[in-house]
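Here are the chains, one letter per residue:
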Amino acid sequence: MSEPSVFTRILRGEIPSEIIAETENAFAIRDIAPQAPVHLLVIPKSERYRDVVELAAGDPALLAELVGLANSIAAEHADGDFRLIFNTGPGAGQTVFHVHAHVLGGGLSEGSLGG
Ligand code: 5GP
């Protein structure tokens, strides 16, 4: 068995991080190194899926649950508008191989992709 991911350890309370919202199968935290005025992460409680491609193929309902959770936390923590980013693969900047979405909001510059 491989080591539990950092997000599993947060969910278990082994690494401190406030869980700001949760659904049956997913939870949300603040990113420790924010790249936008509001930078949250939405994460399945299971680390079964490494990235969004695996998640979409294996459990599309859970992917939809992540999008719904992103929408509700963006309404609560920003003005409701948000960018949803799934880094997929090391070359795209993925560092944690427990699928998660970055939810970016709050005063994002228009017209740029990177925030
Ligand atoms: P990735 O680079 O895989 O797309 O995103 C991983 C994200 O997890 C990064 O933005 C990083 O800042 C965040 N992160 C890594 N370790 C921790 C942690 O211990 N606590 C929190 N809240 N975020 C973390």
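Values in this document were obtained by computation on a predicted structure and should not be read as measured data. (Residues numbered from 1 in each chain as written. Predicted model: local features only at pLDDT ≥ 70, side-chain atom pairs only at ≥ 80, totals over all residues. Heavy atoms only, no water.)

S.K.: Outline the site of the ligand, supporting the account with residue identities and numerical values.
M.R.: Inspection of the region around the ligand gives 17 residues, with Arg 30, Asp 31, Gly 93, Thr 95 and His 102 positioned closest. Backbone polar atom of Ile 32 to a nitrogen atom of the ligand: 3.3 Å apart, as the coordinates give it. With the chains in place, 83% of the 520 Å² that the ligand exposes on its own is no longer accessible. Ranked by the residues each element gives to the shell around the ligand, the list is headed by helix α1 (residues 6-11), at three residues. (Near = heavy atom within 4 Å. Polar contact = N/O pair within 3.5 Å; in protein donor to acceptor, adjacent residues only side chain to side chain. Areas by Shrake-Rupley, 256 points an atom, 1.4 Å probe, with all protein chains shown as cover. Helix = DSSP H or I, 4+ residues; strand = E, 2+ residues; numbered from the N terminus.)

S.K.: I'd love a proper account of the nonpolar core, names of residues and values included.
M.R.: Among the nonpolar cores identified, the biggest contains 21 residues, and Ala 28, Val 42, Leu 55, Leu 69, Ile 73, Phe 86 and Val 103 are the most heavily contacted of them. Looking at this core, the elements that each hand over two or more residues are β2 (26-30), β3 (38-44), α2 (52-58), α3 (60-77) and β5 (101-105). The element best represented in this core is α3, accounting for seven residues. Within the second largest apolar cluster, seven residues are counted, among which are Ile 10, Ile 29, Leu 41 and Val 96. (Core = buried A, V, L, I, M, F, W, Y, C linked by side-chain atoms within 4.5 Å. Buried < 20%, exposed > 50% of the residue type's maximum accessible area, 1.4 Å probe, protein only.)

S.K.: Residues and numbers for the pairing of β2, please.
M.R.: Of all the five residues making up β2, four are buried; the element is thus mostly covered by neighbouring parts of the structure. One ladder, built from two bridges, connects strand β1 (residues 21-22) with β2; its direction is antiparallel. The residue bridging Glu 22 from the neighbouring strand is Phe 27, located in β2. Here β1 folds back onto β2 in antiparallel fashion, the turn holding three residues. (Pairing = 2+ DSSP bridges.)

S.K.: Tell me what's going on with the sheet that holds β1, and back it up with residues and numbers.
M.R.: One open sheet holds the five strands; their spatial order is β1-β2-β3-β5-β4, and the pairing between them is antiparallel. Strand pairing shows two members of the sheet lacking a second neighbour, β1 and β4 (83-85), which therefore form its edges. Alignment of β2 against β3, held across five bridges, turns out to be antiparallel. If you follow Arg 30 over to β3, its bridge partner there is Leu 40.

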